[in-house]
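Architecture at a glance
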Amino acid sequence: MLLVGLGNPGSDYESTRHNIGFMVIDELSRRLSSSNVSKTAFLGKTYKTKNHFLLKPQTFMNLSGDSVIKVKNFYKLEDVVVIHDDLDLPFGSLRFKKGGGHGGHNGLKSIDANIGKEYIRVRMGIGKPEHKGEVTSYVLGKFSLEQQKYLAEFIDITCDSLMYLFEHTMQETSAKFSQKEQPKKMA
């Protein structure tokens, strides 16, 4: 299985909402004691665990699919899971979906163009800005102080769900880990 966390490379983007997929891959890599197998041709930071590969494309969001297809084809991987930020879900919500549209997310659009739409999406809610014209600055902005209080736990829950997915179906994982919003205890 190839697990792809979406984000943008570089320190300017490190703690932004758009990079939540990178944050999950970093934590999952730490938990699983993965080894770095990056090759220049992969266009991304690639890690191997005992049975799976983790990828952080370094192509910038709009070209993420260029990296995904290279790793997928090189290792002949069938199953792809993409972890990404989702503006349409409230902050702290977690959803699982196979296939479907990109919802305007340029990273998903690029992946769809390169490998098709039939992959698992782990949708991490980041909420939306008040005005549609603020979308770019919102996704490229840092999490609010309130969101930062819950961010580490949100990433942990997402990693727990991915580790569960290694041994279970997407439907079972979704039933156990989907959350519609940030848990009340964290609010």
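Preceding this section is the structure that the text describes.
Structure report, in brief. It should be emphasised that the depicted structure is a prediction, and the values quoted were computed from it without experimental measurement.

Here we look at the sheet that holds strand 6 (residues 94–98)
Strand order in the open sheet formed by 7 strands is 2-3-4-1-5-7-6, and the pairing between neighbours is mixed. With one partner strand each, in any of the chains shown, strand 2 (35–36) and strand 6 form the two edges of the open sheet. Pairing of strand 2 with strand 3 (residues 44–48), which is carried by 2 bridges, proceeds in the antiparallel orientation. Residue Asn 36 lies in a different strand from strand 3, and its bridge partner there is Tyr 47. Relative to strand 6, helix 6 (residues 170–177) is tilted by about 165 degrees, and along the sheet it contacts strand 6 and strand 7 (120–125).

Overview of the side chain of Lys 72
Note on placement: Lys 72 falls in helix 2 (residues 64–74). Buried charge without a salt bridge: Lys 72, with Glu 78 as the nearest opposite-charge side chain at an N-O distance of 4.9 Å. Excluding residues that lie within four positions of it along the chain, Lys 72 makes contacts with Leu 2, Leu 77, Glu 78, Val 80 and Ile 115.

Quick notes on the packing of helix 2 against helix 3 (residues 106–115)
Interaxial distance between helix 2 and helix 3 falls to 7 Å at its minimum, and their mutual angle equals 40 degrees. It follows that helix 2 is oblique to helix 3 by the angle criterion. For the pair helix 2 and helix 3, the crossing hand works out as right-handed. Contacts between helix 2 and helix 3 pair Ser 64, Gly 65, Asp 66, Val 68, Ile 69 and Lys 72 from the former with Gly 107, Ser 110, Ile 111, Asn 114 and Ile 115 from the latter. By residue class, the composition of the contact of helix 2 with helix 3 is 4 nonpolar, 5 polar and 2 charged.

Rules used throughout
- Residues numbered from 1 in each chain as written.
- Predicted model: local features only at pLDDT ≥ 70, side-chain atom pairs only at ≥ 80, totals over all residues.
- Heavy atoms only, no water.
- Pairing = 2+ DSSP bridges.
- Helix = DSSP H or I, 4+ residues; strand = E, 2+ residues; numbered from the N terminus.
- Contact = heavy atoms within 4.5 Å.
- Axes fitted to C-alpha atoms, helices over the stretch in contact; angles between N-to-C directions.
- Buried < 20%, exposed > 50% of the residue type's maximum accessible area, 1.4 Å probe, protein only.
- Lys, Arg positive; Asp, Glu negative; His and termini not counted.
- Salt bridge = Lys/Arg side-chain N within 4 Å of Asp/Glu carboxyl O.
- Parallel < 35°, antiparallel > 145°, perpendicular 65-115°, else oblique.
- Left-handed = near helix turned anticlockwise from the far one by under 90°.
- Nonpolar A, V, L, I, M, F, W, Y, C, P; charged D, E, K, R; others polar.

All we've got here are geometric facts, nothing functional implied.
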